[in-house]
Amino acid sequence: AIDTYKTLIETTPTYGRGYILLADRSIKTNNLTLIDELYDDIQKQQGLEIEKDIIDALVQYKRGRTDETLESLQKIQSNDYEIILEHITGMLYENLGDKENALAAYHRVSSYKCEENGDLYYYYAISYDVDKAISSLKP
């Protein structure tokens, strides 16, 4: 998936969702060097303010400021990215060892209906992550 999203960004650098999908995968795979690359690349683009805010928050995560990252992500209002933001939030809470909040975020992800979000394929891709995370976090 990472290579696919990298190709997508290289091919269409103005496609904001590509940056966010790649950011999500970089958090999932703990490949945080990608966050710096994304930050540099997205700064060159116009009209991607929400995407820039998300990437900027994740730069804070890379720097070890998870609490600041979570606060920043919670302030972002975007119908286009609500599922992905919840997924990232769940992963961050999981990395902190906060199972309760991680489970809450993952449950919010799994509660979305595919027809409510145009990103059907991505929803199905992360549903596996969500099911796996929920199973591993339950007592």
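Structure: see above.
From a predicted model like this one, the values you see are computed outputs, not experimental measurements.

Chemist: Please provide a residue-by-residue account of the overall build of the protein chain, values included.
Modeler: What the protein chain contains, in helices and strands, is eight helices and zero strands. Seen in sequence order, the protein chain has helices and strands lined up from the N terminus as α-α-α-α-α-α-α-α. A separation of at least 24 residues holds for 55% of the contacts in the protein chain among residues at least 6 apart in sequence. In the structure as shown, the protein chain presents an accessible area of about 7,600 Å², 45% of it carried by carbon and sulfur atoms.

Chemist: Account for the environment of Asn95, naming residues and giving values.
Modeler: Checked against the element boundaries, Asn95 lands in helix H6 (residues 82-96). It is 9.1 Å that separates the C-alpha atoms of Asn95 and Thr66, two residues lying 29 residues apart in sequence. Polar contacts involving the side chain of Asn95 include one to the side chain of Tyr61, which spans 2.6 Å.

Chemist: Give a description of the pattern of salt bridges that names residues and reports values.
Modeler: Applying the stated criterion to the full structure yields five salt bridges. The partner of Asp36 in a salt bridge is Lys62, and the shortest N-O contact between them spans 3.0 Å. Taken as a pair, Asp36 in helix H3 (residues 33-42) and Lys62 in helix H4 (residues 49-62) lie far apart in primary sequence, 26 residues in all. Among the salt bridges present, the one from Glu49 reaches Lys52, with a minimum N-O distance of 3.9 Å. A residue pair is termed a helical-turn pair when its members lie 3 or 4 positions apart in one helix, as Glu49 and Lys52 do in helix H4 at three residues.

Chemist: Tell me about H3, and name the residues and values.
Modeler: Each α-helix winds once per 3.6 residues, and so residues spaced three or four apart point in a common direction. Of all the residues in H3, the buried ones are Leu34, Ile35, Leu38 and Ile42. Buried residues of H3 fall within an arc of 100° about the axis and therefore sit on the same side. Of the surrounding secondary structure, the elements contacted by the buried residues of H3 are helix H1 (2-11), helix H2 (16-28) and H4.

Chemist: Which residues make up the packing of helix H5 (residues 66-75) against H6, and what are the values?
Modeler: Where H5 meets H6, the axes come as close as 11 Å, and the angle between the chain directions of the two elements is 160°. On the basis of their axis angle, the class for H5 and H6 is roughly antiparallel. Considering the relative orientation of H5 and H6, their crossing is left-handed. Contact residues: Thr66, Asp67, Thr69, Leu70, Leu73 and Gln74 in H5; Leu85, Ile88, Thr89, Leu92, Tyr93 and Leu96 in H6. Here the contact of H5 with H6 is composed, by residue class, of seven nonpolar, four polar and one charged.

Chemist: Help me get a handle on unusual backbone geometry, residues and values and all.
Modeler: Positive phi is not limited to glycine here, since Asn30 has a value of about 55°. Along the polypeptide, Asn30 turns up in the loop between H2 and H3. Asn30 gets classed as exposed once you look at its relative accessible area, which sits at 56%.

Chemist: Give me the lowdown on the nonpolar core, citing residues and values where you can.
Modeler: In this structure, Ile27, Ile54, Leu58 and Leu73 are the most contacted members of the largest nonpolar core, which totals 37 residues. Setting aside its immediate chain neighbours within four residues, Ile54 contacts Ile20, Leu73, Ile76, Tyr81 and Leu85.

Chemist: Give a description of the environment of Asp98 that names residues and reports values.
Modeler: Note on placement: Asp98 falls in the loop between H6 and helix H7 (99-111). Assessed through its relative accessible area of 25%, Asp98 is described here as partly exposed. Remark: the alpha-carbon pair of Asp98 and Leu137, spanning 39 residues in sequence, is separated by 9.4 Å.

Conventions and cut-offs
Residues numbered from 1 in each chain as written. Predicted model: local features only at pLDDT ≥ 70, side-chain atom pairs only at ≥ 80, totals over all residues. Heavy atoms only, no water. Helix = DSSP H or I, 4+ residues; strand = E, 2+ residues; numbered from the N terminus. Contact = heavy atoms within 4.5 Å. Areas by Shrake-Rupley, 256 points an atom, 1.4 Å probe, with all protein chains shown as cover. Polar contact = N/O pair within 3.5 Å; in protein donor to acceptor, adjacent residues only side chain to side chain. Salt bridge = Lys/Arg side-chain N within 4 Å of Asp/Glu carboxyl O. Buried < 20%, exposed > 50% of the residue type's maximum accessible area, 1.4 Å probe, protein only. Arc of directions from axis to C-beta. Axes fitted to C-alpha atoms, helices over the stretch in contact; angles between N-to-C directions. Parallel < 35°, antiparallel > 145°, perpendicular 65-115°, else oblique. Left-handed = near helix turned anticlockwise from the far one by under 90°. Nonpolar A, V, L, I, M, F, W, Y, C, P; charged D, E, K, R; others polar. Core = buried A, V, L, I, M, F, W, Y, C linked by side-chain atoms within 4.5 Å.

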